[in-house]
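Analysis of the macromolecular model
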Amino acid sequence: MGQDQWTAVDGYVSGLLAPHDEALDAALRAGAEAGLPQIQVSPPQGKLLYLLARTIGAERILEFGTLAGYSTIWLGRALVPGGRLITLEASAEYAEVARASIARAGLGEAVEVRVGPALETLPGLAAEGAGPFDLVFIDADKVHSPEYLAWSLERTRPGGLIVIDNVVRGGTLAEADSEDETIAAQRRLHEQIAAEERLVATTIQTVGAKGYDGFTIALVDSP
Ligand code: SAH
Ligand code: DHB
Ligand code: MG
């Protein structure tokens, strides 16, 4: 039991329920060939993002952390006709790779990749009056997830969802006295959610091809 088995089960589930088509395969290949880190969501996790967006009929989606555009394609495919997705990526090089894959997936019109550290691109989005969003996926630099959540909460409609990836990190989330800034940020995020009356949330631990981690799903409650 362990990593090999988790990977095998992810492979089994993906094969039947989250199979790749040419565009998803090509996005992974393009990322690998360009030397991008292979840290995108797993296929079953991509399918979960798709399912969540489909379930709420998402028309406006915001993503923090594009990488090669893999999660972007899953989310973009869930948009209702005419829907839009904005994805924020710090690296201009990653964004170029992602744009090509997103276009190959037929999502070039629906998806905008915005380059720059999110804390620097968010004011522009706010000034444009972006949102309200139906779904936000926070998956960029993990130390800033609490700031991204605070910003997103003000711009997500009641009934909308905010999903935050990589909050469990091998179980270190439970370490109260950790000096690791990333872990401390995930704990702050949880305290922030607990204190926020507008959010109803839980965190689910996961094992799979990417090891032991987990994500938070938060619903923006109706007033
Ligand atoms: N969501 C992707 C994976 C994202 S990995 C997927 O599942 O397919 C995290 C990404 O966040 C990397 O591409 C990294 O370059 C980007 N990133 C790091 N710091 C950032 C920042 N401050 N603002 C925006 N993106 C950032
Ligand atoms: C890392 C980032 C991710 O978004 C992820 O899902 C796994 C790992 C990382 O930066 O190592
Ligand atoms: Mg992630």
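Residues numbered from 1 in each chain as written. Chains lettered and ligands numbered in written order. Predicted model: local features only at pLDDT ≥ 70, side-chain atom pairs only at ≥ 80, totals over all residues. Heavy atoms only, no water.

Considering a negative patch on the surface
Where like charges cluster on the molecular surface, the negative patch consists of Glu175, Asp177, Glu179, Asp180 and Glu181. Along the chain, Glu179 turns up in the loop between strand E5 (156-165) and helix H8 (181-194). Residue classification places Glu179 among the exposed positions, given a relative accessible area of 80%. (Patch = residues over 30% accessible without salt bridge, like charges linked within 9 Å, V, L, I, M, F, W, Y side chains within 5 Å. Areas by Shrake-Rupley, 256 points an atom, 1.4 Å probe, with all protein chains shown as cover. Salt bridge = Lys/Arg side-chain N within 4 Å of Asp/Glu carboxyl O. Lys, Arg positive; Asp, Glu negative; His and termini not counted. Charge placed at Lys NZ, Arg CZ, Asp CG, Glu CD. Helix = DSSP H or I, 4+ residues; strand = E, 2+ residues; numbered from the N terminus. Buried < 20%, exposed > 50% of the residue type's maximum accessible area, 1.4 Å probe, protein only.)

Brief notes about the coordination of the magnesium ion (ligand 3)
Octahedral metals with six donors have ideal donor angles of 90 or 180 degrees. Tetrahedral metals with four donors have an ideal donor angle of 109.5 degrees. Protein-derived coordination of the magnesium ion (ligand 3) comes from Asp139 (OD), Asp165 (OD) and Asn166 (OD1), at a distance range of 2.0 to 2.2 Å. All donor residues of the magnesium ion (ligand 3) come from one chain, and their arrangement in sequence is D-x25-D-N. Separated by 26 residues along the polypeptide, Asp139 in the loop between strand E4 (133-138) and helix H7 (145-153) and Asp165 in strand E5 bring together distant segments of the chain. In this structure Asp165 comes out as buried when scored by relative accessible area, which is 6%. (Donors = N, O, S within 2.8 Å, 3.2 Å for Na, K, Ca; no water.)

Overview of the sheet that holds E5
Pairing within the open sheet is mixed, and its 7 strands lie in the order E3-E2-E1-E4-E5-E7-E6. The open sheet has two free edges, formed respectively by strand E3 (111-115) and strand E6 (199-208), since each of these has just one partner strand. Neighbour-to-neighbour, the strand axes of this sheet turn through a mean angle of 15°, independent of strand direction. Summarising the sheet, strand E1 (residues 60-64) and strand E2 (residues 84-89) pair through 5 bridges and their orientation is parallel. Each residue of the ladder has a partner; that of Leu62, found in E2, is Ile86. (Pairing = 2+ DSSP bridges. Axes fitted to C-alpha atoms, helices over the stretch in contact; angles between N-to-C directions.)

Observations concerning the site of ligand 2
Residues in contact with ligand 2, as listed here, are Ile39, Asp139, Lys142, Asp165, Asn166, Arg169 and Lys210. In the environment of ligand 2, an oxygen atom lies 2.7 Å from a nitrogen or oxygen atom belonging to the side chain of Asp139. (Near = heavy atom within 4 Å. Polar contact = N/O pair within 3.5 Å; in protein donor to acceptor, adjacent residues only side chain to side chain.)

So, the packing of aromatic side chains
Tallied over the full model, the rule gives 3 aromatic pairs. Pairing Tyr50 with Trp74 gives two aromatic rings, centres 6.4 Å apart and planes at 70°, and the pair type is edge-to-face. Placement of Tyr50 in helix H3 (residues 43-55) and of Trp74 in helix H4 (residues 70-78) is noted, with a sequence separation of 24 residues between them. Note on Tyr50: relative accessible area 18%, which makes it buried. By way of ring pairs, the aromatic residues Tyr50, Tyr70 and Trp74 are connected into one cluster. Across from the ring centre of Trp151, 4.1 Å away, lies the NZ or CZ of Arg155, which sits over that ring. (Phe/Tyr/Trp six-rings, centres within 6.5 Å; stacked < 30°, edge-to-face > 60°. Lys NZ or Arg CZ within 6 Å of the ring centre and 35° of its normal.)

Some words on the nonpolar core
Counting 30 residues, the largest nonpolar core has Ile61, Leu75 and Leu135 as its most contacted members. Secondary structure elements with two or more residues in this core: helix H2 (22-33), H3, H4, helix H5 (92-104), E3, E4 and E5. At 5 residues, the largest contribution of residues to this core is made by H4. Beyond its immediate stretch of four places on either side in the chain, Leu75 contacts Leu49, Ala53, Ile61, Glu63, Leu85, Leu135 and Phe137. Judged by nonpolar contacts, the second largest core, of 25 residues, contains Phe64, Leu122, Val168 and Ile193. (Core = buried A, V, L, I, M, F, W, Y, C linked by side-chain atoms within 4.5 Å. Contact = heavy atoms within 4.5 Å.)

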